[in-house]
Protein chains: 2
Amino acid sequence: MTHDDRQFLDLAIEQARTGWDEGGVPIGAALVHDGEVLAVGRNRRVQLGSAIRHGETDCIENAGRQPAKVYRNSVLYTTLSPCFMCAGTAVLYDIPRIVVGENRTFQASEDWLRSRGVQVDVVDDAECQALMQKMLTERPEIWAEDIGEEA
Amino acid sequence: MTHDDRQFLDLAIEQARTGWDEGGVPIGAALVHDGEVLAVGRNRRVQLGSAIRHGETDCIENAGRQPAKVYRNSVLYTTLSPCFMCAGTAVLYDIPRIVVGENRTFQASEDWLRSRGVQVDVVDDAECQALMQKMLTERPEIWAEDIGEEA
């Protein structure tokens, strides 16, 4: 992880903290094109009553409509290893690299992403883990709903 | 395809027509739980300036927050074979069956969906194809953007 990676992941973590404080799921993301932040986002299931606003998809939505060449030169930073919806979104848009804060709490898509040619770098960040541990302990039903599991 | 399947696919086609008339991408969807329509939706890239509102994801968003057991007993109807974002959303939520209007214009995820245990039934519907032929002819740049391809 480069110094820039650390800075961009920190933007995603800041989003995750905000999401937690709002009563939501503490997962955040940032989309960075050629070193410039296009957007940040966070899981807003609770805040917007949304089934599709995960951290990564909220971030990509916040970046607005972009041509293919922008995504193809971007890096997606996310505090938690992506679910298949978010992984599929990255594959749709040919985002070539995803930096993942942690994958101990949840991991589903990393092998598939790599098989599709996406570079997945896992940081194993302590604060990302701590946020998700709070989530699993204090809001387990919302977490189950967020990943399509029976509570 | 059963008589019910035809009716539910027709709801998705109605959404696709509306999307075309709005200046958008003519792809629609319906989410049906135990024979009851939870929501319909349509691609709203143009209408909402959205990168994540494909027909299927718009439909799932319109259905609101649902527990896992609802998705696991639902069928997703879509006028066009799903991209990886929409396929990944179905996999996240364990939607067991997808009925596809047509896959001649676009097909990316069907093998993967089947490998994940999703039943994919392709109808090869003439109106679904005709709508997409208009799209490719009259709005090719928007279509390229919608599937992450260079125009």
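Conventions used here
- Every chain's residues receive numbers from 1 upward, in the order its sequence appears when written.
- Lettering of chains starts at A and numbering of ligands starts at 1, both following the order in which they are written.
- Whole-chain, interface and lining totals are the exception, using all residues; otherwise, since this is a predicted model, local features are given only for residues with pLDDT of at least 70 and side-chain atom pairs are given and counted only at 80 or more.
- To obtain the side-chain values, all non-hydrogen atoms of the structure were used and water was disregarded.
- UniProt positions are given in the numbering used here, feature names are shortened, and annotations may be inferred rather than shown by experiment.
- Secondary structure elements follow DSSP: runs of H or I of four or more residues count as helices, runs of E of two or more count as strands, with numbering from the N terminus.
- Any pair of nitrogen or oxygen atoms within 3.5 Å is treated as a polar contact; in protein, a donor-acceptor pairing is required on top of that, and neighbouring residues in sequence qualify only through side-chain atoms on both sides.
- Contacts between residues were defined by any pair of non-hydrogen atoms, one from each residue, lying within 4.5 Å.
- Stacked, edge-to-face and tilted labels apply to pairs of Phe, Tyr and Trp rings (six-membered ring for Trp) whose centres lie within 6.5 Å, assigned for plane angles under 30 degrees, over 60, and everything in between, in that order.
- The classification of residues rests on relative accessible area computed with a 1.4 Å probe and restricted to protein chains. Under 20% of the type maximum is buried, over 50% is exposed, and intermediate values are partly exposed.
- When DSSP finds at least two bridges between two strands, those strands are taken to pair.
- Lines fitted to C-alpha atoms define the axes, with helix axes restricted to the stretch in contact, and inter-axis angles between N-to-C directions lie between 0 and 180 degrees.
- When the strands point away from the viewer and the path from the first strand over the helix to the second turns clockwise, the crossover is right-handed.
- The copies are overlaid by a least-squares fit using only the C-alpha atoms of residues whose pLDDT is at least 70 in both copies.
- Only protein atoms enter the 1 Å grid used here, on which a cavity is any set of points holding a 1.4 Å probe that cannot leave and a pocket is any open set flanked by protein within 12 Å on both sides along at least five of seven lines; residues with an atom within 4 Å of a point are listed as lining.
- Grid points are joined across faces, edges and corners, and a volume is the space filled by probe spheres set on the points.
- Classification used: nonpolar for Ala, Val, Leu, Ile, Met, Phe, Trp, Tyr, Cys and Pro, charged for Asp, Glu, Lys and Arg, polar for all others including Gly.
- Criterion for a salt bridge: a side-chain nitrogen of Lys or Arg within 4 Å of a carboxyl oxygen of Asp or Glu.

Draft legend 1. A look at the UniProt feature "domain: CMP/dCMP-type deaminase" (unreviewed entry) in chain A. The positions that UniProt labels "domain: CMP/dCMP-type deaminase" (unreviewed entry) are, in the present scheme, residues 3-120 of chain A. Between the first and last C-alpha atoms of residues 3-120 of chain A the distance is 17 Å; the span itself is 42% helix and 24% strand.

Draft legend 2. Looking closely at the side chain of Arg44 of chain B. Residue and element names in this part refer to chain B. When you line up the elements, Arg44 lands in the loop between strand 2 (36-42) and helix 2 (45-48). In this structure the side chain of Arg44 is engaged in a polar contact, spanning 2.9 Å, whose partner is the side chain of Asp58. Not counting residues up to four positions away in its chain, the partners in contact with Arg44 are Gly49, Ser50, Arg53, Asp58 and Asn62.

Draft legend 3. Structural view of the packing of aromatic side chains. All names here are of chain A. Using the criterion set out here, one finds eleven aromatic pairs over all chains in the structure. Relative to Trp143, the ring of Phe106 lies with its centre 6.0 Å away and its plane at 85°, an arrangement referred to as edge-to-face. Pair noted here: Phe106 is in the loop between strand 4 (97-102) and helix 6 (110-115) and Trp143 is in helix 8 (residues 140-146), with a separation of 37 residues, a long-range link. For Trp143, a relative accessible area of 8% gives the class buried.

Draft legend 4. The sheet that holds strand 5 (residues 119-122) of chain A, seen in detail. Residues and elements named next belong to chain A. An order of 2-1-3-4-5 is seen for the five strands of this open sheet, with the pairing classed as mixed. Each edge of the sheet is formed by a strand with only one pairing partner; in this case those strands are strand 2 (36-42) and strand 5. Sheet twist, expressed as the mean angle between neighbouring strand axes with direction ignored, is 15°. Sheet topology note: the strand 3 (residues 74-80)/strand 4 ladder contains five bridges and is parallel. When the sheet's bridge partners are listed, Tyr77 is paired in strand 4 with Val99. Lying over the sheet, helix 1 (residues 3-21) contacts strand 1 (28-33), strand 2, strand 3 and strand 4, oriented at roughly 145° with respect to strand 1. Sitting on the sheet, helix 3 (residues 55-62) is in contact with strand 1, strand 2 and strand 3, with an inclination near 130° to strand 2.

Draft legend 5. Structural view of the environment of Val91 of chain A. When you line up the elements, Val91 of chain A lands in helix 5 (residues 84-92). Placed 21 residues apart in sequence, Val91 of chain A and Trp112 of chain A show a C-alpha to C-alpha distance of 9.9 Å. In this structure Val91 of chain A touches Trp112, Leu113, Arg116 and Val118 of chain A together with Phe84 of chain B, once residues within four positions along its chain are discounted.

Draft legend 6. Representation of the pairing of strand 5 of chain A in the model. Residue and element names in this part refer to chain A. Taken together, the four bridges between strand 4 and strand 5 define a ladder with parallel strand orientation. For Arg97, the partnering residue across the bridge sits in strand 5 and is Gln119. You can see the chain leave strand 4, run along helix 6 and come back into strand 5, and the turn it takes is right-handed.

Draft legend 7. Looking closely at the relation of the copies chain A and chain B. Note on the identical chains: chain A maps onto chain B by a rotation of 180° and an axial translation of 0.0 Å, with an RMSD of 0.0 Å. On the angle and the small slide along the axis, the relation comes out as a two-fold axis. Comparing contact sets, 100% of the residues at the interface of chain A also lie at the interface in chain B, consistent with an isologous, same-surface contact.

Draft legend 8. Focus on the layout of surface pockets. Of the volumes computed, that of the largest pocket is approximately 230 Å³. Around the largest pocket, the lining comprises 16 residues; the ones closest to its centre are Phe84 of chain A together with Val91, Leu92, Asp94 and Arg116 of chain B. Looking at which element gives the most residues to the lining of the largest pocket, the answer is helix 5 (residues 84-92) of chain B, with three residues. Split by residue class, the lining of the largest pocket holds ten nonpolar, two polar and four charged. Taken as a whole, the second largest pocket encloses approximately 160 Å³ of empty space. What lines the second largest pocket is Arg72, Val91, Leu92, Asp94 and Arg116 of chain A together with Cys83, Phe84, Phe106, Ala108, Ile147, Gly148 and Glu149 of chain B. When grouped by side-chain class, the residues that make up the lining of the second largest pocket number seven nonpolar, one polar and four charged.

Draft legend 9. Here's a closer look at the pattern of salt bridges. For the coordinates displayed, the defined rule picks out 30 salt bridges over all chains. Here Glu127 of chain A makes a salt bridge to Arg17 of chain A, at a shortest N to O gap of 2.6 Å. With a gap of 110 residues between them, Glu127 of chain A in helix 7 (residues 126-138) and Arg17 of chain A in helix 1 connect regions that are remote in the sequence. Assessed through its relative accessible area of 32%, Glu127 of chain A is described here as partly exposed. Arg65 of chain A is the partner of Glu145 of chain B in a salt bridge, and the nearest nitrogen-oxygen pair spans 2.7 Å. Remark: Arg65 of chain A occurs in the loop between helix 3 and helix 4 (68-71) and Glu145 of chain B occurs in helix 8 (residues 140-146); the pair is interchain, linking two chains. Note on Arg65 of chain A: relative accessible area 33%, which makes it partly exposed. One network of salt bridges, with partners in common, ties together Arg45, Glu145 and Asp146 of chain A together with Arg65 of chain B.

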